[in-house]
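# Inside the fold
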There are 2 protein chains.
Amino acid sequence: MDKNNYCIIMAGGTGSRFWPMSTVEHPKQFIDIFGNGESLLQSTFRRFEQVCPRENIIIVTNNIYRGLAEQQIGGLRDYQVIYEPMRRNTAPCVAYAAAIIRRLNPQANIIVSPSDHAIFDNDEFTRTILESLRVVQTHDWIITLGIKPLNPNTKYGYIQYNENNVLEGNNKLHEVITYTEKPPYDMAVQFLNSGDFLWNAGIFIWSLPTLEKAYRRYLPDVAAILDTVDLDTPYEDVEKIYSTCQPISADYGIMEKADNVHVIEADFRWSDVETWQSLYESVEKDENRNVVVGDNVFTYDVKNCIINLPSSKTVVLQGLEDYIVAGDEETVLVCKRSEEHRVFKFESDIEVRKNKQEK
Amino acid sequence: MDKNNYCIIMAGGTGSRFWPMSTVEHPKQFIDIFGNGESLLQSTFRRFEQVCPRENIIIVTNNIYRGLAEQQIGGLRDYQVIYEPMRRNTAPCVAYAAAIIRRLNPQANIIVSPSDHAIFDNDEFTRTILESLRVVQTHDWIITLGIKPLNPNTKYGYIQYNENNVLEGNNKLHEVITYTEKPPYDMAVQFLNSGDFLWNAGIFIWSLPTLEKAYRRYLPDVAAILDTVDLDTPYEDVEKIYSTCQPISADYGIMEKADNVHVIEADFRWSDVETWQSLYESVEKDENRNVVVGDNVFTYDVKNCIINLPSSKTVVLQGLEDYIVAGDEETVLVCKRSEEHRVFKFESDIEVRKNKQEK
């Protein structure tokens, strides 16, 4: 395995859309959302072990999740889990991990990846990533994974490409013509219908020099992290530098501006596991078009439902169509799939009542 | 309080319609189904304390529920809880308790009542029972409580009476013209429409001599219990006598045949709490026509539902109409109200799967 291959796994998100299983205190990257015995972080880590030496994988998480990553992934070296002192979106997060990698290996080629996405064909994923790593060794390019869009989702970045423009003899690798982060709905529909667009999966591959150049050019305040943070930098100093950084995503801060962004078409099913709906769309359904996680779920006349319950609970469901049924040890949610956006309201209503009861 | 007043509470049923809260091991009479802090047995016992001296109340339950009644009702004397060695329906059950009462007080006037019904006006109930007890002191009558029917339920006994035929100066007390246990549906509809019928609530009032006479005449094999069982009869001997009794209900065995049955109209809401539906019909609904038990239930767009969950569980329900949502610590059921009859199937499916897993 190429010793220059590195991976930055971003695991600081507070995703609590999957309440009651995920909460701000225990967000979705740390949860076994597919019921396959692995958290999303664990699956992500294992996936990147196929392309990088294990000790070259750096997990960036938030100070409030101290210990969680180490607990889920054993035998990590000290520098492999780093803690952001505050939320500043993804650009500072990547810079922080890149600063560490810079001290370890200035020849690094780096994959940047969220910790909480799902990939449904690991072999094809590995091939795509290895090919991208090979290309960025000799090209000053930012390669991003492009996913064939399934619907006019307005939460994603859309990459326009020309499929006849084949690079490096790889008919999946193309120049990016335009990049549009989170388009309005009508525009997303046009993008989808044109057939010339891919979703940005938020997984980038670039060499360390390309990364540095991009930060210094487009985000000079964030680039300061690269120069000042070392393996031994005291936490207070990281805190100080972080507080001077603007909170900005790598997508807005770099991808939208850079002229060396390239896209590699992904030939595997992918999900950002951002909503119950995206989870439902991306996984296999049973004969009643249900997605069921939980060893003790009994369904009768249940269709098009997504069910995720701990095996310690016996749950009998009768006569439900298009519902989410989810729970942890203490809490159960039954909610129409079309209403999942209200989960935050439910969660806050519970909080309010609990606070009242405690008074 | 009249020392001759006695009560027999029948608490041996295996009612598990309210699964998962009630099971054969812990049937509904021992459960706080209304979430008011009392089991149905506890409410029943408290209700009869208004008409009988406490020590005159005898609870008949089954050998498999040993200890449960004593646990729920403190300070009972030994003879106040008796255990049937086997299931023989209600006629032997009443005879067993009557045999005990016969040794305690041959002048007894006896109320016979199920342990698992609900009465929604205790004062009116007390008045009705006291009036009935007064009448049977001087009349060789069997008085049964009659409930104004709400629907053509085919599970009940129907009492035809003539409301112009007023007895003892009480315009609620009438001779019974006919008695029909569990009529076919069309007949139940006719009964309902005629306005001349009352439901038999299964609560009888009679003197001990009247009871003895009825048993000796209509159920001589069961009457043997009256002659042979004493306060000190060894359990094996009770077992022997029981095994010779036919299993028959007091309704079929005596009420349908006796010519001295009278009915007293009940002026209170009553429920035999036999199904979620009967429970739903009998209790007050909130503004969305929901019946909710459980301190931590949160409902959104939920209508016409019956919800019964332990307070240790937080449950969020969205977009449900006409459902039962019920649970205990380990189990949750979500089921359309119209499908509650399938609960036994659900329970047995779970049993089958658990047995498979254990193998």
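No experiment lies behind these values; they were computed from the predicted model shown.

Let's shift gears to the overall build of chain A. Of regular secondary structure, chain A possesses eleven helices and 17 strands. In summary, chain A has a C-alpha radius of gyration of 21 Å against a globular reference of 21 Å for 359 residues, a match within 12%. Principal-axis analysis of the C-alpha atoms gives chain A an extent of 60 × 50 × 40 Å. By the burial criterion, 59% of the 359 residues in chain A qualify as buried. For chain A, the share of sequence-separated contacts (at least 6 apart) that also reach a separation of at least 24 residues comes to 67%. Roughly 15000 Å² of accessible area belongs to chain A as shown, and the carbon and sulfur atoms make up 46% of that amount. On chain A, the mean spot of the 36 positive side-chain charges and the mean spot of the 53 negative ones are 3 Å from each other.

The next subject is the sheet that holds strand β13 (residues 297-300) of chain A. Strands sit in the order β13(A)-β15(A)-β17(B)-β16(B)-β14(B)-β12(B) across an open sheet of six strands; the sheet is mixed. Whereas interior strands pair on both sides, the edge strands pair on one side only; in this sheet they are β13 of chain A together with β12 (291-293) of chain B. Across the sheet, the mean angle from the axis of one strand to that of its neighbour is 5°, orientation sign disregarded. Pairing analysis gives five bridges linking strand β16 (residues 323-327) of chain B to strand β17 (residues 331-336) of chain B, with the strands arranged antiparallel.

Moving on to the packing of helix α3 (residues 90-104) of chain B against helix α6 (residues 208-218) of chain B. For any two helices packed against each other, the geometry is given by the interaxial angle and the distance between the axes. Residues and elements named next belong to chain B. Running from N to C, α3 and α6 cross one another at 135°; their axes reach a closest spacing of 11 Å. For the element pair α3 / α6, the angle class is oblique. The crossing of α3 and α6 is left-handed. Facing α3, whose interface residues are T90, A91, V94, A95, A98 and R102, α6 presents L208, L211, E212, Y215 and R216. Residue classes in the contact of α3 with α6 are distributed as seven nonpolar, one polar and three charged.

Time to look at the sheet that holds strand β17 (residues 331-336) of chain A. Within the open sheet, the six strands sit side by side as β12(A)-β14(A)-β16(A)-β17(A)-β15(B)-β13(B). Their pairing is mixed. Where the open sheet ends on each side, the last strands, each with one partner, are β12 (291-293) of chain A together with β13 (297-300) of chain B. Recorded for the sheet is a direction-independent mean angle of 5° between the axes of neighbouring strands. Across four bridges, β13 of chain B lies against strand β15 (residues 314-318) of chain B in parallel orientation. The residue bridging T299 of chain B from the neighbouring strand is L317 of chain B, located in β15 of chain B. On top of the sheet, helix α11 (residues 343-358) of chain A reaches β17 of chain A together with β13 and β15 of chain B; it is set at about 140° to β13 of chain B, its chief contact.

With that out of the way, let us pick up the interface of chain A and chain B. Facing 34 residues of chain A, the contacting portion of chain B comprises 34 residues. Taking both partners together, chain A and chain B bury about 2800 Å²; carbon and sulfur atoms supply 52% of that area. By the criterion of area lost to chain B, the three top residues of chain A are T314, V316 and Q318 of chain A, representing 21% of everything that side buries. Linking chain A with chain B are two salt bridges. Remark: the boundary between chain A and chain B carries 22 residue pairs in polar contact (both at pLDDT 80 or more). By residue class, the composition of the side of chain A that touches chain B is 15 nonpolar, seven polar and twelve charged. Of the pairings in the sheet, the one linking strand β15 (residues 314-318) of chain A to β17 of chain B comprises four bridges and is parallel in character. Following the sheet pairing, V316 of chain A is matched in β17 of chain B by L333 of chain B.

The subject of this paragraph is the relation of the copies chain A and chain B. Of the transformation placing chain A onto chain B, the axial shift is 0.1 Å and the rotation is 179°, giving an RMSD of 0.1 Å. The relationship between the two copies is best expressed as a two-fold rotation axis.

In this section: helix α7 (residues 220-228) of chain A. All names here are of chain A. Listed in full, the buried residues belonging to α7 are V222, A223, I225 and L226. Here the buried residues of α7 occupy an arc of 130° about the axis, which is enough to place them on one side. Those residues of α7 that are buried lie in contact with α3 (90-104), α6 (208-218) and α8 (235-244).

This paragraph deals with the confidence of the model for chain A. For chain A, the average pLDDT comes to 93, and 100% of its residues sit at 70 or higher. Per the prediction output, this complex has pTM 0.83; the corresponding ipTM is 0.83.

Moving on to the packing of aromatic side chains. In this structure the tally under the stated criterion is 28 aromatic pairs over all chains. Consider the rings of F125 of chain B and F268 of chain B, whose centres lie 5.5 Å apart with planes at 75°: the pair is edge-to-face. In this pair, F125 of chain B is assigned in helix α4 (residues 122-138) and F268 of chain B in the loop between β10 (261-265) and β11 (270-271), connecting sequence segments 143 residues apart. For the pair F125 of chain B and F268 of chain B, a shared accessibility class is recorded, and that class is buried. Ring geometry for Y158 of chain B versus F191 of chain B: centroids 5.3 Å apart, planes at 50°, classification tilted. Here Y158 of chain B, found in strand β7 (residues 157-161), pairs with F191 of chain B, found in helix α5 (residues 185-194); they are 33 residues apart in sequence, far enough to count as distant. Accessibility classification places Y158 of chain B together with F191 of chain B in one group, the buried group. Each residue in the set F48, F125 and F268 of chain A is aromatic and connected to the rest through ring pairs, giving one cluster.

All names here are of chain A. Here the structure, examined in full by the defined rule, presents 41 salt bridges over all chains. The shortest N-O distance in the salt bridge between E131 and R134 comes to 3.0 Å. Pair noted here: E131 and R134 are both in helix α4 (residues 122-138), with a separation of three residues, about one helical turn. The class of E131 is buried, set by a relative accessible area of 19%. Close ionic contact of D237 with K240 constitutes a salt bridge, the shortest N to O distance being 4.0 Å. In this pair, D237 and K240 are both assigned in helix α8, three residues apart and thus about one turn of the helix distant. Since its relative accessible area comes to 30%, D237 is described here as partly exposed. For K240, a relative accessible area of 57% corresponds to the exposed category.

Residue and element names in this part refer to chain A. The buried fraction of strand β2 (residues 57-62) amounts to six of the six residues, a majority that puts the element mostly inside the structure. Two elements, strand β1 (residues 5-11) and β2, share five bridges in a ladder whose sense is parallel. Residue pairing across strands places M10 opposite V60, the latter belonging to β2. Considered for its hand, the β-α-β crossover made up of β1, helix α1 (residues 40-48) and β2 is right-handed. As judged from the four bridges shared by β2 and strand β3 (residues 81-84), these two strands associate in the parallel manner. Each residue of the ladder has a partner; that of I59, found in β3, is V81.

Analysis parameters
- Residues numbered from 1 in each chain as written.
- Chains lettered and ligands numbered in written order.
- Predicted model: local features only at pLDDT ≥ 70, side-chain atom pairs only at ≥ 80, totals over all residues.
- Heavy atoms only, no water.
- Helix = DSSP H or I, 4+ residues; strand = E, 2+ residues; numbered from the N terminus.
- Rg over C-alpha atoms; globule rule 2.2 N^0.38 Å.
- Buried < 20%, exposed > 50% of the residue type's maximum accessible area, 1.4 Å probe, protein only.
- Contact = heavy atoms within 4.5 Å.
- Areas by Shrake-Rupley, 256 points an atom, 1.4 Å probe, with all protein chains shown as cover.
- Lys, Arg positive; Asp, Glu negative; His and termini not counted.
- Charge placed at Lys NZ, Arg CZ, Asp CG, Glu CD.
- Pairing = 2+ DSSP bridges.
- Axes fitted to C-alpha atoms, helices over the stretch in contact; angles between N-to-C directions.
- Parallel < 35°, antiparallel > 145°, perpendicular 65-115°, else oblique.
- Left-handed = near helix turned anticlockwise from the far one by under 90°.
- Nonpolar A, V, L, I, M, F, W, Y, C, P; charged D, E, K, R; others polar.
- Buried area = accessible area lost by both parts, 1.4 Å probe.
- Salt bridge = Lys/Arg side-chain N within 4 Å of Asp/Glu carboxyl O.
- Polar contact = N/O pair within 3.5 Å; in protein donor to acceptor, adjacent residues only side chain to side chain.
- Least-squares fit on C-alpha atoms with pLDDT ≥ 70 in both.
- Arc of directions from axis to C-beta.
- pLDDT = per-residue confidence, 0-100.
- Phe/Tyr/Trp six-rings, centres within 6.5 Å; stacked < 30°, edge-to-face > 60°.
- Right-handed = clockwise from strand over helix to strand, strands pointing away.

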